[in-house]
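Okay, here's what each chain looks like letter by letter:
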Amino acid sequence: AGVSRTATPLTGKGAPPRPLGCRLQNLVLASNGISAEGAAALAGALPALPSLRALRLNRNAVRDAGAAALAAAVVGHALTELALAENGIGAKGAAALADAVGGRTCLARLDLAGNDVDDAGAAAIAAALATNSTLHHLGLASNRIGDAGGAALGGALAGAAASALRSLALAG
């Protein structure tokens, strides 16, 4: 056989089996060489992990395609932290994540430090802050954000809509 995807509880005879992983809250897969394909597979698994609150994929190779897959998966999910530092994510991946942040998401922390986010990616994220009420920490340190991206983020911070944001990391 294979490995069963369900587990029978030790108590409560006759109770339906629960999916494995239903209690998993933190998943840390940093520095594992996870590619866009692996990130897409993880994104597909998120519905089976309703208790997952933190997904940390720092220092992998998620790139734009993997970021887009994860962005689509976090909309409507209870995930509160997504750490994607040092994954080769550029403007397209940042724009996909911005769409998620601007939509129905529970994300309170998004870390994109050490990627290739440029002015266009920063502007997309800045625009998403106008409709987001849950994001408290945004990590954008050590990216390729210049004057235009900085101005877009500054404009978002000046607006009352960005009041949920408590921490913005741009150093580097």
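Residues numbered from 1 in each chain as written. Predicted model: local features only at pLDDT ≥ 70, side-chain atom pairs only at ≥ 80, totals over all residues. Heavy atoms only, no water.

S.K.: Would you take a moment to explain the overall build of the chain for this structure?
M.R.: Of regular secondary structure, the chain possesses five helices and eight strands. Every one of the 172 residues in the chain was classed for burial, and the buried ones make up 38%. Looking at the chain alone, contacts between residues at least 24 apart form 84% of all its contacts between residues at least 6 apart. Carbon together with sulfur atoms contributes 56% to the accessible area of the chain, which is approximately 8500 Å² in total. (Helix = DSSP H or I, 4+ residues; strand = E, 2+ residues; numbered from the N terminus. Buried < 20%, exposed > 50% of the residue type's maximum accessible area, 1.4 Å probe, protein only. Contact = heavy atoms within 4.5 Å. Areas by Shrake-Rupley, 256 points an atom, 1.4 Å probe, with all protein chains shown as cover.)

S.K.: How should I be thinking about the sheet that holds strand 3 (residues 26-28) in this particular structure?
M.R.: Consider a sheet: its strands pair through backbone hydrogen bonds, and that pairing is either parallel or antiparallel. Strand order in this open sheet of six strands is 3-4-5-6-7-8, and the pairing throughout is parallel. Looking at strand neighbours, the two that pair on one side only are strand 3 and strand 8 (167-169), the edges of this open sheet. Going across the sheet, the axis of each strand differs from the next one's by a mean of 5°, ignoring polarity. (Pairing = 2+ DSSP bridges. Axes fitted to C-alpha atoms, helices over the stretch in contact; angles between N-to-C directions.)

S.K.: Could you clarify how one ought to interpret the nonpolar core in this entry?
M.R.: Nonpolar side chains in soluble globular proteins tend to end up buried together. In terms of nonpolar packing, the biggest core is built from 41 residues, with Leu55, Leu70, Leu82, Leu84, Leu112 and Leu135 touching the most fellow members. Of the residues forming this core, the biggest block, six residues, is contributed by helix 3 (residues 91-102). (Core = buried A, V, L, I, M, F, W, Y, C linked by side-chain atoms within 4.5 Å.)

S.K.: How should I be thinking about the environment of Ala41 in this particular structure?
M.R.: In this structure, Ala41 sits in helix 1 (residues 36-45). For Ala41, a relative accessible area of 52% gives the class exposed. With 28 residues separating them in the primary sequence, Ala41 and Ala69 have C-alpha atoms 8.6 Å apart.

S.K.: What am I meant to see in the packing of helix 4 (residues 119-129) against helix 5 (residues 147-158) here?
M.R.: Packed helices, taken two at a time, are described by the angle their axes make and the gap between the axes. Following both chains from N to C, one finds helix 4 and helix 5 inclined at 5°, their axes separated by 8 Å at the closest point. Regarding the angle of helix 4 to helix 5, the classification is roughly parallel. Across the interface between the two elements, Asp119, Ala122, Ala123, Ala126 and Leu129 of helix 4 pack against Asp147, Ala148, Gly149, Ala152, Leu153 and Ala156 of helix 5. Residues belonging to the contact of helix 4 with helix 5 are distributed by class as follows: eight nonpolar, one polar and two charged. (Parallel < 35°, antiparallel > 145°, perpendicular 65-115°, else oblique. Nonpolar A, V, L, I, M, F, W, Y, C, P; charged D, E, K, R; others polar.)

S.K.: Looking at this structure, I do not really get helix 2 (residues 63-74). What am I missing?
M.R.: Owing to its 3.6 residues per turn, the α-helix aligns residues three or four sequence positions apart on the same side. Taking 1.5 Å per residue as the helical rise, helix 2 with its 12 residues ought to reach 16 Å, and the 17 Å between its terminal C-alpha atoms agrees with that figure. Buried within helix 2 are the following residues: Gly66, Ala67, Leu70, Ala71, Ala73 and Val74. Take helix 2 and look down its axis: the buried residues cluster within an arc of 165°, on one side only. What points out from helix 2, more than 90 degrees from its buried face, is the exposed set Ala65 and Ala72. Contacts made by the buried residues of helix 2 are with helix 1, strand 4 (54-56), strand 5 (81-83) and helix 3. Among the residues trailing helix 2, Gly76 stands out with phi positive, at a value near 85°. (Expected span 1.5 Å × (residues − 1). Arc of directions from axis to C-beta.)

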